[in-house]
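Structure at a glance
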Amino acid sequence: MFTTMDRAAPLTAIDDAVTTPGVGVTARKTVRATDPYLAGHYPGFTIYPGVFVIESVHQAVSRYVADTRPGTWSVAMATIDSVRFTKPLRPGDTLHVTADCAEDGDRINAKVRCVDDAGTLVTKMTARFELTEEPARV
């Protein structure tokens, strides 16, 4: 029986990231055939799911916030204003995420471009993230 205590390990949707304060973040994720979430998506034509591309963006923006704001912040995707998937990612491909992050108080507005190793557009999106400062732990 499944309970709320049964949880999967967190998804690692970026391998590394580099932030530029006041500008944004670039991140990378190599799609590996052994990634457990690829099984069955799709049989005979395995692709990195679009929802995981979105999670890669979320984790990249989270890294931007962690690297550029003092304190401990939680980052939640508030809205996806637009998203367009233009090319599938297959095992062996690398996703390169570039998010231009415009800060507006406790909100980040992100313009995102994702490409593969050849520079071919994979996904283009705009999204807003809400930030909440976590209380300091004593």
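Because the structure is predicted, anything quoted here is derived from the model rather than measured.

To continue, consider the overall build of the protein chain. Looking only at helices and strands, the protein chain features 1 helix and 6 strands. Here the protein chain has a C-alpha radius of gyration of 16 Å; the compact-globule value for 138 residues is 14 Å, and the two agree. With respect to the three principal axes, the spread of C-alpha positions in the protein chain is 50 × 45 × 25 Å. With 138 residues in all, the protein chain has 34% of them scored as buried. Restricting the contact set of the protein chain to residue pairs at least 6 apart, pairs at least 24 apart contribute 63%. In the structure as shown, the protein chain presents an accessible area of about 8200 Å², 55% of it carried by carbon and sulfur atoms. Considering the protein chain, the positive charge centre built from 15 side chains and the negative charge centre built from 17 side chains are found 5 Å apart.

Next up on the list: the side chain of Q59. Relative to the elements of secondary structure, Q59 occurs in helix α1 (residues 50–68). Residue class for Q59 comes out buried when judged on its relative accessible area of 18%. Sequence-distant contacts of Q59, defined by excluding residues within four places in its chain, comprise L11, T12, A13 and I14.

Calculation rules
Residues numbered from 1 in each chain as written. Predicted model: local features only at pLDDT ≥ 70, side-chain atom pairs only at ≥ 80, totals over all residues. Heavy atoms only, no water. Helix = DSSP H or I, 4+ residues; strand = E, 2+ residues; numbered from the N terminus. Rg over C-alpha atoms; globule rule 2.2 N^0.38 Å. Buried < 20%, exposed > 50% of the residue type's maximum accessible area, 1.4 Å probe, protein only. Contact = heavy atoms within 4.5 Å. Areas by Shrake-Rupley, 256 points an atom, 1.4 Å probe, with all protein chains shown as cover. Lys, Arg positive; Asp, Glu negative; His and termini not counted. Charge placed at Lys NZ, Arg CZ, Asp CG, Glu CD.

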